Amino acid sequence: MNKQILHRILLLSVALFFSTVLSAQADEPDPQPTHPSWWGEEAIDTTGFSPYWYVLPQIGVSMHYGEGDVFELLSPSVAVSGGWQYHKLLGVRVGFDGFHTYNYQARPKRKYQWDYLQLHAVATLSLIDLFAGYDSERKISAYTYLGGGATMAFNNDDANMLAKNGGNFEKVWDGTKTMLMGRFGLGADYAINDLLMLNAEFAASMLPDSFNSKIGNGDNLDWQFQLLVGLKVMIK
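Remember, it's a predicted structure, so these values are computed and weren't measured experimentally.

## What to know about the confidence of the model for the protein
Scored by pLDDT, the protein has a mean of 85; 79% of the residues are at 70 or more. Overall, residues 29-44 carries pLDDT values under 50, and its contacts beyond four positions in sequence, including any with other chains, amount to 19 contacts.

Dropping the structure here:
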């Protein structure tokens, strides 16, 4: 799958995401009663939902999709995000994550490492509330998100050393390299109380092919996956 096809998939995902959101909003009946606001008559939400801010620190494992067994490519990952749930279905979130990651030179087989930091902004959509309706007493929630940002990669000494020794690194870089990225994921929360939620999340970042200093089959984009757990602290 080449870059052009992946770009089209990303654009289609964005279109489907927002069409689903707009469709869900259009199907919702207007709650009653209303009260005066700066913008005229504003509907009162009678479902019990109140907008809130939150902070989400997470730890877990990361894996670069490359040449090697899954367990050989696992590395630690740390993430911190902050978000605003402004609607029972919709929210926005910004955050950063990173640590280091691994890949392999195929022949001869050599493991190499580099560091990275990802900065991202995403739109979130509550899946259970979308299909089952909002319930303020529900303990478990699930969500998906879609967005993008920038990745800063650095400390690429291993790849440079292997390239100087005849390794096949067509896109090797030195210093600090900044690149755009797409990001999507799935997550779940379990409410401990009114202010704390246990969190588990899968995230995928779509990156330029130069991220791992090598050309993939068909000049594919590079992928970085994460499995994270954390504690969501709500600020109401």
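After that view of the structure, there is still more to cover.
## A word on the pattern of salt bridges
Opposite charge on two side chains lets them pair, provided their charged atoms get close. Taken as a whole and judged by the stated rule, the model has six salt bridges. Arginine 183 is the salt-bridge partner of aspartate 97, the closest N and O atoms lying 3.6 Å from each other. Pair noted here: aspartate 97 is in strand β5 (residues 90-105) and arginine 183 is in strand β8 (residues 177-191), with a separation of 86 residues, a long-range link. Taken as a pair, aspartate 97 and arginine 183 share a single burial class, namely buried. Here arginine 138 ties to aspartate 129 by a salt bridge, and the two come within 2.6 Å at their closest N and O atoms. Overall, aspartate 129 belongs to the buried group, its relative accessible area being 12%.

## Let's talk about the packing of aromatic side chains
How two aromatic rings sit relative to each other is set out by the distance from centre to centre and by the angle between their planes. Applying the stated criterion across every chain, the model contains 13 aromatic pairs. For the pair tryptophan 53 and tryptophan 84, a centre-to-centre distance of 5.4 Å together with 15° between the ring planes defines the contact as stacked. Highlighted residues: tryptophan 53 in strand β3 (residues 52-64) and tryptophan 84 in strand β4 (residues 74-85), separated in sequence by 31 residues. Take tryptophan 84: its relative accessible area is 33%, and that puts it in the partly exposed class.

## Brief notes about helix α3 (residues 157-164)
Looking at α3, one finds that the buried residues are Ala159, Asn160 and Leu162. Along α3, the residues classed as buried sweep out an arc of 165° about the axis, all on the same side. In α3, those exposed residues whose orientation departs by more than 90 degrees from the buried face are Asp157 and Lys164. Elements in contact with the buried residues of α3: β5 and β6 (110-126). At the C-terminal side of α3, glycine 166 shows a positive phi close to 95°.

## Considerations on the sheet that holds β8
Within the closed barrel, the eight strands sit side by side as β3-β4-β5-β6-β7-β8-β9-β10. Their pairing is antiparallel. Sheet twist, expressed as the average angle between the axes of neighbouring strands with direction ignored, equals 25°. In terms of strand pairing, strand β9 (residues 196-207) meets strand β10 (residues 222-235) through twelve bridges, oriented antiparallel. Bridge pairing in β10 links alanine 200 to valine 229. Lying over the sheet, α3 contacts β5 and β6, oriented at roughly 135° with respect to β6.

What counts, and at which threshold
Residues numbered from 1 in each chain as written. Predicted model: local features only at pLDDT ≥ 70, side-chain atom pairs only at ≥ 80, totals over all residues. Heavy atoms only, no water. pLDDT = per-residue confidence, 0-100. Contact = heavy atoms within 4.5 Å. Salt bridge = Lys/Arg side-chain N within 4 Å of Asp/Glu carboxyl O. Helix = DSSP H or I, 4+ residues; strand = E, 2+ residues; numbered from the N terminus. Buried < 20%, exposed > 50% of the residue type's maximum accessible area, 1.4 Å probe, protein only. Phe/Tyr/Trp six-rings, centres within 6.5 Å; stacked < 30°, edge-to-face > 60°. Arc of directions from axis to C-beta. Pairing = 2+ DSSP bridges. Axes fitted to C-alpha atoms, helices over the stretch in contact; angles between N-to-C directions.

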